[in-house]
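Examination of the molecular architecture
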Amino acid sequence: MDKGIAYDKLANVGANIIKREIDMEKKIHTATAVKDANVKLSFIERFGYGIGDYAGNLIYSAISAFLLVYYTNVVGASAAAAASIIAISKFFDGISDLVMGYIIDHTHTKLGKAKPWIKRLFIPLAVCQVLMFTVPSSWASSAQLAYMFLTYNLVSTVFYTGINVPYATMQGLMTTNSYERGLLGTFRNLLATAGTMTINTVTLKMTAAFGGGDQYSQRGWTLTTVVLMLIFCALTIFQLAVTHERVDSYESDDDTNEVQKISFGKGIRALVTNKYWVLLVINILAMYFMMSTFFGSAVYFAQYILGDTAHYTPVSNALSIAQIATLFVTPVFMKKLGKRNTFLIGDIIALIGFGATGFVGANVSLVVALSAAKGIGFGFMGGTMFGMLQDAITYGEWKQGFNIAGMGNAASSFCMKIGSGVGTAALGWILAAGKFDASLASQTASAAASIKVSFILVPVITSTVCLVCTIFFDLDKKYNKIASDLAAGKHMND
């Protein structure tokens, strides 16, 4: 036999042995990391994680519930123009989510993959939120629109994305325990709801107090936002101090690291072939579209359908209080029935609440009662949704053989942003189609109808979409085996 051929064969055998040893080391490392990460979290860490979403909703809920109102009633922009700015920006915002997810998957620091980005970006986000609610009143309308576009994108496309995608990713990086992930989702939604309730309760009171009794003065909105952003910064610092990432993946010291080889395109292909992730993001897209039209139209519904903006607080707070109360019992349902079935129950209750609202007219008491029903539904849905998402991403790791938690959360966040952006834009377009005029104390019949469509009909349709998607989400029957396989370093094709 030729010596060269013999040496080549020997080299190939040696390479194969080395490759098997490396693969075995990867499996051992992965198994150890997953086992170490399958932990029960302390109350303070669960609470600290949830505080992050309370803080985030001081920004997100202010945008969802009041940004369009601020643009139309304070700045004086047309509803259609303001809605178009938000809609166009949301597409840039969604793309930035995907980029941020890719960055997270390729981040390796002592703090972890996600926490460093929250630490770096929360202060710039707070500053830009203040700027967004401080449109110069002396500028020409075209300059104001340009300013609105710029500041909205700095907040939503750049800095909010820069902390929200890492925050969502942390839920899957703190533990692999499915029930603990569900609890993190419950704490997250519980405190997010509290943040929303805070915004709904104090915003118009604060703008009136800082504005000398005028709810729609520029000074009042600027000072209100400054106070809220100081609170946001303090809460984010607390969250960073008490939460920890534990889930790891195999890492080597050279550029052959498997994580580094996962291209952006490969990550996207892995997501769109994960049926459970697809079902979840359609669900999320529908929910966030609904929340933008529903919550965004609530002030208009209170003022022009129920007859007084003062009704906004009891209507919104009835929902938030019921949602918070439900979130306290959601873990009991989740443990007994599973996350998917608990979500289904909530969706059905919310759907009934939305549908019935169309039959009670301007009866404030009944509208408040039905808001409480919607809150119960939201409690069950919100308390389980993000835990279901992390399980779907874990299923994708088991199926594909690699982890793309950052891109999985980023792409779902992309759908949240697109859903909420298009939902906000749809609200503006629906109001414009109904000839809504903010200068009128009493709206025309067509304008009133457009408000009802946004507040009632759109949520009925989107809740039905969520119901269908969740029926097909049967991952709960398979998850324990998947988690066991990953703990042993095995994947679907092994």
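Each remark here, short or long, concerns the structure printed above.
Right, let's walk through the structure included here. As a convention, each chain's residues are numbered from 1 in the sequence order in which they are written. With the structure being a predicted model, the display of local features is reserved for residues of pLDDT at least 70 and the display and counting of side-chain atom pairs for 80 or more, all residues being used for whole-chain, interface and lining totals. For the side-chain quantities, the full set of heavy atoms in the structure was used; hydrogens and water were omitted.

**Considerations on the packing of aromatic side chains**
The test is simple: For this analysis, a ring pair means two rings from Phe, Tyr or Trp (six-membered ring only for Trp) whose centres lie within 6.5 Å, classed as stacked if their planes differ by under 30 degrees, edge-to-face if by over 60, and tilted for the remaining angles. For helices the rule is a DSSP run of H or I covering at least 4 residues; for strands it is a run of E covering at least 2, with both sets numbered from the N terminus onward. Accessibility here uses a 1.4 Å probe with only protein chains present; expressed as a share of the type maximum, an area under 20% marks a residue as buried, one over 50% as exposed, and anything in between as partly exposed.
Inspection of the entire model under this criterion finds 27 aromatic pairs. Seen from their ring centres, Phe-66 and Tyr-312 are 6.0 Å apart, and the 70° between their planes marks the pair as edge-to-face. Highlighted residues: Phe-66 in helix 2 (residues 43-75) and Tyr-312 in helix 10 (residues 312-337), separated in sequence by 246 residues. An identical accessibility class is assigned to Phe-66 and Tyr-312; each is buried. Summarising the aromatic geometry, the rings of Phe-301 and Phe-455 are spaced 4.0 Å apart at their centres and angled 15° between planes, so their arrangement reads as stacked. With Phe-301 in helix 9 (residues 275-305) and Phe-455 in helix 14 (residues 445-471), this residue pair connects regions lying 154 residues apart in the sequence.

**Points about unusual backbone geometry**
Located in the positive-phi region is Lys-435, a residue other than glycine, with phi close to 65°. Looking at where Lys-435 falls in the secondary structure, it is placed in the loop between helix 13 (405-433) and helix 14. For Lys-435, a relative accessible area of 62% translates into the label exposed.

**Details of the environment of Gln-218**
Here is the rule we go by: Working rule for contacts: check all heavy atoms of both residues, and any pair within 4.5 Å makes them a contact. Within 3.5 Å is the distance limit for a polar contact, defined as a pair of N or O atoms, with the added protein rule that one can donate a hydrogen and the other accept it, and that residues adjacent in sequence qualify only through two side-chain atoms.
Mapped onto the elements of the fold, Gln-218 is located in helix 7 (residues 218-242). In sequence terms Gln-218 and Val-135 are 83 residues apart; their C-alpha atoms lie 8.0 Å from each other. If near-sequence neighbours (up to four positions away) are discounted, Gln-218 is found in contact with Tyr-70, Val-74, Phe-133, Thr-134 and Val-135. Among the polar contacts listed, one links the side chain of Gln-218 to the backbone oxygen of Phe-133, at a separation of 2.8 Å.

**Notes on the nonpolar core**
Formally: Residues enter a nonpolar core if they are buried and are Ala, Val, Leu, Ile, Met, Phe, Trp, Tyr or Cys, with the set joined through side-chain atoms within 4.5 Å.
Ranked by size, the top nonpolar core spans 132 residues in total, and within it Leu-67, Tyr-70, Tyr-71, Phe-232, Tyr-288 and Phe-378 carry the most contacts. Considering each element in turn, this core owes the most residues, 20 residues, to helix 9. Discounting residues that sit within four places of it in the chain, Phe-232 has contacts with Ala-55, Gly-56, Leu-58, Ile-59, Phe-122, Leu-125, Ala-126 and Ile-163.

**Some points on a nonpolar patch on the surface**
Selection rule: For patch detection, residues must exceed 30% relative accessible area and be free of salt bridges, and they are connected within 9 Å for like charges or within 5 Å for nonpolar side chains (Val, Leu, Ile, Met, Phe, Trp, Tyr). Surface accessibility follows the Shrake-Rupley procedure with a 1.4 Å probe radius. Residue values consider only the protein chains on display as shielding. Whenever a carboxyl oxygen of Asp or Glu lies within 4 Å of a side-chain nitrogen of Lys or Arg, that contact is scored as a salt bridge.
A contiguous nonpolar patch, built from Phe-328, Val-329, Val-332, Phe-333, Leu-337 and Ile-345 and spanning about 500 Å² of accessible area, is present on the exposed surface. Considering each element in turn, the nonpolar patch owes the most residues, five residues, to helix 10. Relative to the elements of secondary structure, Val-329 occurs in helix 10.

**Re the pattern of salt bridges**
Where charged atoms from two side chains of opposite charge come close, those side chains can pair. Across all of its chains, the model carries seven salt bridges by this definition. Across the salt bridge formed by Asp-391 and Lys-339, the nearest N and O atoms sit 2.7 Å from each other. Of the two residues, Asp-391 sits in helix 12 (residues 364-400) while Lys-339 sits in helix 11 (residues 339-357), which places them 52 residues apart along the sequence. Judged by relative accessible area, Asp-391 falls into the buried class, the value being 5%. Between Asp-485 and Lys-490 there is a salt bridge, with its nearest N and O atoms 3.9 Å apart. Several salt bridges share partner residues, and in doing so they unite Arg-181, Lys-339 and Asp-391 into one network.

**Some points on the environment of Tyr-395**
For Tyr-395, the location among the structural elements is in helix 12. Looking at Tyr-395, the relative accessible area reads 9%, which means it is buried. Taking the C-alpha atoms as reference points, Tyr-395 and Lys-478, separated by 83 residues in sequence, lie 9.0 Å from one another.

**Points about helix 6 (residues 178-210)**
This is how the line gets drawn: In this analysis, the expected span of each helix is defined as 1.5 Å times one less than the number of residues it contains. A residue's bend is given by the angle between axes fitted to the 7 residues ending at it and the 7 residues starting at it.
In this model helix 6 runs 46 Å from its N-terminal to its C-terminal C-alpha over 33 residues, within 8% of the 48 Å that 1.5 Å per residue would give. Along helix 6, the helix axis deviates most sharply at Val-202, where the bend reaches about 40°. Counting buried residues along helix 6, 26 of its 33 residues qualify, which places the element largely inside the surrounding structure. Looking at where helix 6 begins, the residue whose side-chain oxygen comes 3.0 Å from the main-chain nitrogen of Tyr-179 is Asn-177.

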